[in-house]
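Here are the chains, one letter per residue:
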Amino acid sequence: MAPAFDLIGLVVTDMAASLSFYRRLGLDIPSSADTEPHVEVTLPGGLRLAWDTDATVRSFDPSWSPGSGGGRMGLAFRCDSPEEVDRLYADLTEAGYEGHLKPWDAFWGQRYAVVHDPDGNGVDLFAALPTT
């Protein structure tokens, strides 16, 4: 049996502030969770979203430190074609979102680009390159 994608985890500096943001997006998170070191919610479809404080992560990985120069998580969106990667990257950057890496043909066989969401998290756009 193949592994099943089950959870997206976010590491947060301020649990209450982070949970407040996601409540504004419609997630049902009890206010009692604001002081917890680890919080999880199950999303429609069964995927879970979890938050851990910096201290929680350091409790099992003492050498962990937050990344510098960008967000703490990245999401990736598969596009239908290399042309769609280019179009979507252009649409997002023209709308004012920060482009991080312009579209390029990656050595692993994909057209790839990276933009930042409003919080600075990297969002990858990718599509398989045609095989010749």
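Chains are numbered independently. Their residues run from 1 in the order of the written sequence. With pLDDT at 70 or above as the cut-off, local features in this predicted model cover only qualifying residues; side-chain atom pairs require 80 or more to be listed or tallied, and sums for whole chains, interfaces and linings still use all residues. With hydrogens and water set aside, each side-chain value is computed from the structure's full complement of heavy atoms.

So, on to the pattern of salt bridges. Any Lys or Arg side-chain nitrogen found within 4 Å of a carboxyl oxygen on Asp or Glu counts as a salt bridge. If you walk through the whole model with that rule in mind, you get 7 salt bridges. Residue Arg111 pairs with Asp105 through a salt bridge whose shortest N-O separation is 2.9 Å. The buried label goes to any residue with under 20% of its type's maximum accessible area, the exposed label to any with over 50%, and the partly exposed label to all in between, with areas taken from a 1.4 Å probe on protein chains only. Owing to a relative accessible area of 49%, Asp105 belongs among the partly exposed residues under this scheme. The network of salt bridges with shared partners includes Asp6, Glu40 and Arg48.

What follows deals with the sheet that holds strand S2 (residues 38-42). Pairing is mixed in the open sheet, where 3 strands are placed in the order S1-S3-S2. Across the chains shown, the open sheet's two edge strands, defined by having one partner strand only, are strand S1 (7-12) and S2. Along the sheet, successive strands turn relative to each other by an average axial angle of 15°, direction set aside. At least two DSSP bridges between two strands are needed for those strands to be called paired. Only DSSP runs of H or I reaching four residues or more are called helices, and only runs of E reaching two or more are called strands; each is numbered from the N terminus. Inspection of the sheet shows S1 paired to strand S3 (residues 48-53) by 6 bridges, in the parallel sense. Bridge pairing in S3 links Leu7 to Arg48. Note on method: axes are straight lines fitted to C-alpha atoms, helices fitted across the in-contact stretch only, with angles between N-to-C directions ranging 0 to 180 degrees.

Expected span, for any helix, means 1.5 Å times one less than how many residues it has. Taking 1.5 Å of rise per residue, 13 residues should cover 18 Å, and helix H3 (residues 82-94) covers 18 Å from first to last C-alpha, within 8% of that figure. Within H3, the full set of buried residues consists of Pro82, Val85 and Tyr89. Along the axis of H3, the buried residues cluster in a sector spanning 50°; they form a single face. Of the residues in H3, the exposed ones pointing more than 90 degrees away from the buried face are Glu83 and Glu94. As used here, the arc belongs to the directions running from the helix axis to the C-beta atoms.

Attention now goes to the pairing of strand S6 (residues 110-116). In terms of burial, S6 is largely enclosed, as 6 of its 7 residues are buried. Taking the residues between adjacent antiparallel strands as the criterion, strand S5 (residues 99-106) and S6 are bridged by 3 residues, where Gly109 takes a positive phi near 95°. Bridge analysis of S6 against strand S7 (residues 122-128) gives 7 bridges, and the strand direction is antiparallel. Along S7, the bridge assignment pairs Gln110 with Ala128.

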